[in-house]
Amino acid sequence: RMKPVIVVHGGAGRIFKEREQGCRTGVIRAALQGYSVLKQGGSALDAVQEAVRSMEDDPHFNAGCGSVLNEKGEVEMDAIIMDGKNLASGAVSAVKCIANPIKLARLVMEKTKHMLLTDHGAHLFAQAMGVPETPGEKLITQRSLERWKKNLEPDSNPEEFQKDLGTVGAVAIDSEGNVACATSTGGLSNKLVGRVGDTACIGIGGYADNCSGAASTTGHGESIMKVVLARLILYHMEQGMSPEMAADTALDYMKTRVGGLGGVIVVSNSGEWAARFSTKQMSWATVKDDELHYGIYAGERHTKSVDEALASGSEGF
């Protein structure tokens, strides 16, 4: 039997000093919650969903509550989940007024013959599935509102703010050796209404295949789409590269080919993992062998036992 592993990210980009603690705490909490699913014999699929749900509910991240606003001042969210066992996947794009898009993506995967539902159709499906509606304003934080207003000013440069992206994601392998990925985001600040980024697209925002492993991506969506980043990483692993080498190679290609920056988390089908990024920062955490590792800056890696981490609670980091 495999030793279960989970890796999570809270988005690649620039993490402002005053938000650092919250991002660190959030990814650690998500990793521990996902790992507890795996420890109890749960599936990789359930573990990544649980980890991502935890971050959607955390206003520090650009997913679920805390999502950035589109040009009209609304929250429109994208999410994907994928099962490495049979390549089943479910995704939603441009969804509004639900707290946890990742749960809706899972329902698309399990309750329809489709893989991606968008906007109004996703809304009708959510209603049919009895998913409770959350008033749109409940998902909007003061910070997202202030940023939106700032970006509306004539001399503003939303591109400058895009560096502070906060897509969230998780990858895992369970004791059966199945891998899974999940990714969720509010997208780009002040984006056009109806913009769909990398997150909802299979092979781009995430990919999972028991034959190689699982990856979840974050960063500049349009660049990630151009190189089909998640699948590219797994392709490199199929060619014999380690997760770390595959991630670095793909990120480097994206940077040189299209000038795009981003980050990725990866787990291989043998339980090796990596968290790599070409941006200044990416909050990440992983649990393997009852050890928690986490960091935000390049080269930063802290280690604690899971027991110690749980005992110290989320304040202890």
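Computed from a predicted model, the values in this text were never measured in an experiment.

Definitions and limits used
Per chain, residues are indexed from 1 in the order of the written sequence. Given that the model is predicted, a residue must reach a pLDDT of at least 70 before its local features are reported, and side-chain atom pairs must reach 80 or more before they are shown or counted; all residues, however, enter totals for whole chains, interfaces and linings. Note: side-chain values were computed over all heavy atoms of the structure, leaving out hydrogens and water. The cut-offs for exposure are 20% and 50% of the maximum accessible area for each residue type, with area from a 1.4 Å probe on protein chains only; residues under the lower value are buried, those over the upper are exposed, and the others partly exposed. For the purposes of this entry, the term helix denotes a DSSP run of H or I that reaches at least four residues, the term strand denotes a run of E that reaches at least two, and both are numbered from the N terminus. By definition, residues are in contact when any of their heavy atoms lie within 4.5 Å. What we call a nonpolar core is a set of buried Ala, Val, Leu, Ile, Met, Phe, Trp, Tyr and Cys residues that are connected through their side-chain atoms within 4.5 Å. UniProt positions are given in the numbering used here, feature names are shortened, and annotations may be inferred rather than shown by experiment. Note on ring pairs: Phe, Tyr and Trp rings are taken, using the six-membered ring of Trp, and paired if centres are within 6.5 Å. Classes follow the plane angle, with under 30 degrees stacked, over 60 edge-to-face and the rest tilted. Strand pairing is assigned whenever DSSP identifies at least 2 bridges connecting the two strands. Axis definition: a line fitted to C-alpha atoms, limited for helices to the stretch in contact. Angles are taken between N-to-C directions and run from 0 to 180 degrees.

Enquirer: So, helix 8 (residues 229–238): which residues are in play, and what are the values?
Expert: Most of helix 8 sits inside the fold, with seven of its 10 residues counted as buried. Every buried residue of helix 8 is accounted for by Leu 229, Ala 230, Leu 232, Ile 233, Leu 234, His 236 and Met 237. Along its buried surface, helix 8 packs onto strand 7 (206–209), strand 8 (213–219), helix 7 (221–227), helix 9 (243–258) and strand 9 (262–268). Phi for Gly 240, located one or two positions after helix 8, is positive at around 105 degrees.

Enquirer: Outline the nonpolar core, supporting the account with residue identities and numerical values.
Expert: Grouped together as the largest cluster of nonpolar side chains are 52 residues, with contacts concentrated most on Ile 6, Val 8, Ile 81, Leu 104, Ala 285 and Val 287. Per-element tally for this core: the top contributor is helix 1 (residues 17–39), with nine residues. Counting 36 residues, the second-largest nonpolar core is a separate cluster that includes Ala 12, Met 237, Val 264 and Val 266.

Enquirer: Could you give an account of the UniProt feature "binding site: substrate" (unreviewed entry) in the protein chain, naming the residues involved and the relevant values?
Expert: Using the residue numbers shown here, the UniProt feature "binding site: substrate" (unreviewed entry) corresponds to Arg 195, Val 196, Gly 197, Asp 198, Thr 218, Gly 219, His 220 and Gly 221. Assignment of secondary structure puts Val 196 in the loop between strand 6 (179–185) and strand 7. Looking at Val 196, the relative accessible area reads 30%, which means it is partly exposed. Leaving out residues up to four positions away in the same chain, Val 196 has contacts with Asp 78, Ser 93 and Met 225.

Enquirer: Please set out the UniProt feature "active site" (unreviewed entry) in the protein chain residue by residue, giving values where relevant.
Expert: In the numbering used here, UniProt assigns the "active site" (unreviewed entry) feature to Thr 167. Since its relative accessible area comes to 5%, Thr 167 is described here as buried. Thr 167 has contacts with His 9, Gly 10, Gly 11, Asn 62, Thr 183, Ser 184, Thr 185, Thr 199, Thr 217 and Thr 218, leaving out every residue within four places of it along the chain.

Enquirer: A description of the packing of aromatic side chains should follow, citing residues and the corresponding values.
Expert: Taken as a whole and judged by the stated rule, the model has one aromatic pair. A ring pair is formed by Trp 273 and Trp 284, whose centres lie 5.6 Å apart and whose planes are at 40 degrees; its orientation type is tilted. Of this pair, Trp 273 sits in strand 10 (residues 273–277) while Trp 284 sits in strand 11 (residues 281–288); the two residues are 11 residues apart in sequence, bridging distant segments of the chain. With respect to class, Trp 273 is no different from Trp 284; both count as buried.

Enquirer: Please set out the sheet that holds strand 8 residue by residue, giving values where relevant.
Expert: If you walk across this open sheet you meet the four strands as 7-8-9-10, and the pairing is antiparallel. Single-partner strands in this sheet number two, and they are strand 7 and strand 10. For this sheet the average axis-to-axis angle between neighbouring strands, irrespective of direction, equals 10 degrees. Examined bridge by bridge, strand 7 and strand 8 share four bridges and lie antiparallel to one another. Bridge pairing in strand 8 links Gly 206 to Ser 216. On top of the sheet, helix 8 reaches strand 7, strand 8 and strand 9; it is set at about 45 degrees to strand 9, its chief contact.

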